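# Breakdown of the fold
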Amino acid sequence: QVQLVESGGGLVQTGGSLTLSCAASGRTVSDYHMGWFRQAPGKDRVFVAVIDSSGRIASYANSVKRRFAISRDKNTVYLQMNSLQPEDTAVYFCAAAFASESIPSRLEGEFPYWGQGTQVTVSS
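Residues numbered from 1 in each chain as written. Predicted model: local features only at pLDDT ≥ 70, side-chain atom pairs only at ≥ 80, totals over all residues. Heavy atoms only, no water.

Time to look at the pattern of salt bridges. Pairing of side chains with opposite charge becomes possible as their charged atoms draw close. One pass over the structure, following the stated rule, counts 3 salt bridges. We note a salt bridge from aspartate 88 to arginine 67, for which the minimum N-O separation is 2.7 Å. Separated by 21 residues along the polypeptide, aspartate 88 in the loop between strand 8 (76-81) and strand 9 (90-98) and arginine 67 in the loop between strand 6 (58-60) and strand 7 (68-73) bring together distant segments of the chain. The burial state of aspartate 88 is the same as that of arginine 67; both residues are buried. One salt-bridge network, in which partners are shared between bridges, spans Arg38, Arg67 and Asp88. (Salt bridge = Lys/Arg side-chain N within 4 Å of Asp/Glu carboxyl O. Helix = DSSP H or I, 4+ residues; strand = E, 2+ residues; numbered from the N terminus. Buried < 20%, exposed > 50% of the residue type's maximum accessible area, 1.4 Å probe, protein only.)

Here it is in structure tokens:
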């Protein structure tokens, strides 16, 4: 089992920045790919970013590329969010998947472990 706890959400104005954190515990966290997903009101949860178990490979949804950056340090995964827009308003979830493949998946169903989510609201 891997336990995940997100933090760092809040209210920010358009153009502002936030950094989300995800504290992981349980199994050897370095054996897991880590991802961020988000769910806007009335919409499905969607992929945002993922980083592989080594921390060397990252990929992003087109909507956040060049604005968001995912990183990891020991048992914590971060999502640095810059140039935030109202459409970035969502609940952000951290997720973990055992690194059975070298390239991390972007598919929600490939991640068995999830945090409770943290709200990010961007005001216009």
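Let us keep going from here.
Here we come to the packing of aromatic side chains. Each aromatic ring pair is characterised by the separation of its centres together with the angle its planes make. Inspection of the entire model under this criterion finds 6 aromatic pairs. Ring centres 6.4 Å apart and planes at 75° place the aromatic pair phenylalanine 93 and tryptophan 114 in the edge-to-face group. Of this pair, phenylalanine 93 sits in strand 9 while tryptophan 114 sits in strand 10 (residues 113-114), and the two are 21 residues apart along the sequence. Of the aromatic side chains, those joined through ring pairs into one cluster are Phe37, Phe47, Phe93, Phe111 and Trp114. Over the aromatic face of phenylalanine 93 sits the side chain of arginine 45, whose NZ or CZ is 4.7 Å from the ring centroid. (Phe/Tyr/Trp six-rings, centres within 6.5 Å; stacked < 30°, edge-to-face > 60°. Lys NZ or Arg CZ within 6 Å of the ring centre and 35° of its normal.)

Although it is not a glycine, arginine 66 sits at a positive phi angle of roughly 70°. By secondary structure assignment, the location of arginine 66 is in the loop between strand 6 and strand 7. Positive phi outside glycine occurs at serine 83, with the angle close to 50°. One can find serine 83 in the loop between strand 8 and strand 9. For serine 83, a relative accessible area of 37% puts it in the partly exposed group.

As a further point, take the side chain of histidine 33. Residue placement: histidine 33 occurs in strand 4 (residues 32-39). Residue class for histidine 33 comes out buried when judged on its relative accessible area of 4%. There is a polar contact of 3.0 Å between the side chain of histidine 33 and the backbone nitrogen of serine 53. Side-chain polar atoms of histidine 33 contact the backbone oxygen of glutamate 101, separated by 2.7 Å. (Polar contact = N/O pair within 3.5 Å; in protein donor to acceptor, adjacent residues only side chain to side chain.)

Our focus in this paragraph is the nonpolar core. Counting 36 residues, the largest nonpolar core has Leu4, Met34, Trp36, Leu79, Met81 and Tyr92 as its most contacted members. Contributing elements (two or more residues each) for this core: strand 1 (2-7), strand 3 (18-26), strand 4, strand 5 (45-51), strand 7, strand 8, strand 9 and strand 11 (118-123). Here this core takes 6 residues from strand 9, the largest share from any one element. (Core = buried A, V, L, I, M, F, W, Y, C linked by side-chain atoms within 4.5 Å.)

Within strand 5, 5 of the 7 residues are buried, leaving the element largely enclosed by the surrounding structure. As paired elements, strand 4 and strand 5 share 6 bridges and run antiparallel to each other. From the neighbouring strand, glycine 35 faces strand 5, where its bridge partner is valine 50. Here strand 4 folds back onto strand 5 in antiparallel fashion, the turn holding 5 residues, of which glycine 42 has a positive phi close to 75°. (Pairing = 2+ DSSP bridges.)

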